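Tertiary structure, described
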Amino acid sequence: MGRARLAELHGVATSYDPAPGRTVQVPEDTVVAVLAALGVDASTPRSVREALDRHDGRRRDRLLPPCVVVRPGKAPRLSLPEGTALRVCPEDGAPHPRGRAAAAALRADGLLTELAALPPGAHTLLAEAPDGRRATAPLIVAPDRMPLSPVRSHGFLVQLYSLLSARSWGMGDLGDLADLAAWSGRALGAGFVQINPLHAAVPGTPAAPTDPSPYRPSSRRFPDPVHLRIEDVPEYAHLRGRARERADQLLEAAAALRTAVLCEGALIDRDAVWALKREALELVRTVPLSPGRRAAYCDFLAERGQALEDHALWCALAETHGPEWRAWPDGLADPRSAGTARARAEHLDRTDFHCWLAWLTDTQLAAAQRAAREAGMGIGLVHDLAVGVHPSGADAWALQDVFASGMSIGAPPDAFNSRGQDWGLPPWRPDALAASGYAPYRDLLSGLLRHAGALRIDHVMGLFRLWWVPEGREPTEGCYVRYDAEAMLGVLALEAHRAGAVVIGEDLGTVEPGVREELERRGVLGTSVMWFERNYNGAGAARPLAPEEWRADCLATVTTHDLPSTAARLTGDHVELRHRLGLLSRPLAEERAADAVEVAEWLGLLGRLGLLPEGPGDEEAAVKAVHRFLLRTPAKMVGVWLPDAVGDRRPQNLPGTWDQYPNWRLPIADAEGRPMSLEELVASPRLRALMDEVALLAACDPAA
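If you're wondering where the values come from, they're calculated on a predicted model, not measured in any experiment.

Here we come to the nonpolar core. Membership of the largest hydrophobic core comes to 71 residues, with the highest contact counts inside it found for Tyr438, Tyr441, Trp468 and Leu492. Of the residues forming this core, the biggest block, 9 residues, is contributed by helix α14 (residues 485-499). Counting 58 residues, the second-largest nonpolar core is a separate cluster that includes Ile195, Leu381, Ala621 and Phe629.

Structure representation (structure tokens):
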């Protein structure tokens, strides 16, 4: 009983409900391991008693919690002695007329309404009790809701690496992104372009190539320079002599990579692309920055501060010792050790190189968002935040104090995966986040929102709770750990408010009761994928939802990067692919039949609604019809998967595969599987016919 109470006090669940009416108890040794990762010894009855005593003592003695989060109409409950004086130090240092309050003036319910009236920001709260005790705590004053776009919008969803142009170096880059945004905004009236995470990847080695998945990054705080358009770096134009000759040779090699992908059936090779770009950037760096550019670089260094220095140093040390920092020598595994301090001095040049790369990437991201907004896009770029980071990467090294050692996040067993999932990503420690005033989380969000009109949050349910799996155990032996959702959403609202950015939560799959409702109340748009939108509450088989039954506060799409393309779904090609790879859980004939029934249900609904006037049997017409359907819903954002616009039948990622399928390495292709460049996409009659209709319908009131 004592261990269960201790677990509850630290947000560790001792049971979970995989289905209505069914409860599964978490193994005791899992609870012990998870509490240990939170710095709590619960291994014996005595250690449990001592931990409970320490917790009760801290709660009794402290004046303020580790962090205070307030918003309009939702102030915190603080247990303060009568007569305690409170003072606020605003983040800008300026006094505020509402910056003082006294515990004696609290309302009977204990809500500190004065604090909620402060301007949004990350302030400091100071308390002094009559007995002389003093305390300080970070004070996050957040808006009640996220910003929302005032108008309905439509746009493309695309994996940037797959979008090659005639100028790409073997994979899509930030120049291609700017071009896509500028063209689709001006020519198609698009309001946004949503892209995959551009986070920095763990660099590959001769023995282990770079993991191409954008969802297992080294750092979520900084983008990967592999996305740079080299020719758009201003200093590139000033290369002379042998440096220019070598740069021209690298351009030729890059053209060969591009041709291999677009014309010869080669896969996108991120490491080969980066090898060429890195050498070119080493040449470009020999060109001095102009005074104005030097000043801008220095401003960037000052603004990003310690986070950038740590990231760049990790990159420099990884060049020497490899990316697995836990095996580094001489105390380098500790970013604050004396050995690491010496390494900082010894690696100044390489650290500056990686800082410079981060700056260049930031400037090109800014240019892409500027191109989007100048093209008339109301939102522009929609960036994607992965749910976690690679345990060997830069963030896990630099932020060890806020990640739970020996733990990985995943998912419990469910109807689709009886073994559960282990994603191999270390989770935030909720206690450490609170103790830091959520500074690492705030810095992460502010960095991502620098040049974004919206942010998509992968597995947004993780703001409420995450499934932790102890190292060496099966995913079935994990447990849920709860986060302070009020704080996590408050910080998110604050940073989104500062950036004026829309927030989209990926809320697919199993969602805890009440979570979607709270996200909606706070202005976080959900994600609604057509094939999943069914009425599961009635008797019998779940029927497809009619368009007027859809929620309005969502990004509506037909498919995603983890699902079959629409053409593959309509034709049944995705079943054949999974059969060839041995991924089916039922006989092929059963899978084909079940898939055909599902598709027929949707096509029947489209026909009854008059959205398929071309009749059955026309794949391109059916792709148009499903998008007509999306635009009949009240969804505030409607996304078109760019490969769908040209009939691509190949998924970008096939969950459950590793080397059996080329995940994250395919260019966009047409219905015959022929890769298409950006220039060909722009000229595609099929794409233009679909998007002209989308633009026309997007301007109409779906309720009319």
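Once you've had a look at it, read on.
Evaluation of the coordinates by the stated rule reveals 56 salt bridges. A salt bridge links Asp349 to Arg285, with the nearest nitrogen and oxygen atoms 3.2 Å apart. Placement of the pair is Asp349 in helix α10 (residues 348-374) and Arg285 in the loop between α7 (270-284) and α8 (291-321), with a sequence separation of 64 residues. Note that Asp352 is salt-bridged to Arg285, the shortest N-O span being 3.0 Å. Here Asp352 is found in helix α10, whereas its partner Arg285 is found in the loop between α7 and α8, with 67 residues between them in sequence. Beyond isolated ion pairs, a larger network of salt bridges with shared partners links Arg71, Asp144, Glu486, Glu518, Arg521 and Arg522.

Turning our attention to the side chain of His227. As for its placement among the helices and strands, His227 is situated in the loop between β11 (219-223) and α6 (241-263). Exposure remark for His227: the relative accessible area of 4% places this residue in the buried category.

This part takes up α6. Because each turn of an α-helix spans 3.6 residues, side chains separated by three or four positions end up pointing in the same direction. With 23 residues, α6 should reach 33 Å at 1.5 Å per residue; the first-to-last C-alpha distance of 33 Å fits that figure. Looking at the packing, one finds that the buried side of α6 touches α7. Gly265, located one to two residues past α6, shows a positive phi value of around 80°.

This part covers the confidence of the model for the protein. Per-residue pLDDT for the protein has a mean of 93; in total, 96% of the residues score no lower than 70. Across residues 97-111, where pLDDT falls below 50, the model places 32 contacts with residues more than four positions away in sequence or in other chains.

With that settled, the discussion passes to helix α3 (residues 45-61). Here α3 spans 24 Å end to end across 17 residues, near enough to the 24 Å set by a 1.5 Å rise per residue. Of the residues making up α3, those classed as buried are Ser47, Val48, Ala51, Leu52, His55 and Gly57. Buried residues along α3 sit against α1 (2-9).

The next thing to look at is the packing of aromatic side chains. Overall, the coordinates contain 12 aromatic pairs when judged by the stated rule. Ring centres of Trp531 and Trp602 lie 6.2 Å apart, and the angle between their planes is 80°; on these two criteria the pair is classed as edge-to-face. Note that Trp531 is positioned in the loop between β19 (526-529) and β20 (534-535) and Trp602 in helix α18 (residues 588-608), a separation of 71 residues in sequence. Classification of Trp602 by relative accessible area gives buried; the value is 1%. Pairwise contacts between aromatic rings join Trp531, Trp550, Trp602 and Phe629 into one cluster. Over the face of the ring belonging to Trp325 we find Arg326, whose NZ or CZ atom lies 5.8 Å from the ring centre. Positioned over the ring face of Tyr480 is Arg465, at 3.6 Å from the centre of the ring.

Rules behind the numbers
Residues numbered from 1 in each chain as written. Predicted model: local features only at pLDDT ≥ 70, side-chain atom pairs only at ≥ 80, totals over all residues. Heavy atoms only, no water. Core = buried A, V, L, I, M, F, W, Y, C linked by side-chain atoms within 4.5 Å. Buried < 20%, exposed > 50% of the residue type's maximum accessible area, 1.4 Å probe, protein only. Helix = DSSP H or I, 4+ residues; strand = E, 2+ residues; numbered from the N terminus. Salt bridge = Lys/Arg side-chain N within 4 Å of Asp/Glu carboxyl O. Expected span 1.5 Å × (residues − 1). Contact = heavy atoms within 4.5 Å. pLDDT = per-residue confidence, 0-100. Phe/Tyr/Trp six-rings, centres within 6.5 Å; stacked < 30°, edge-to-face > 60°. Lys NZ or Arg CZ within 6 Å of the ring centre and 35° of its normal.

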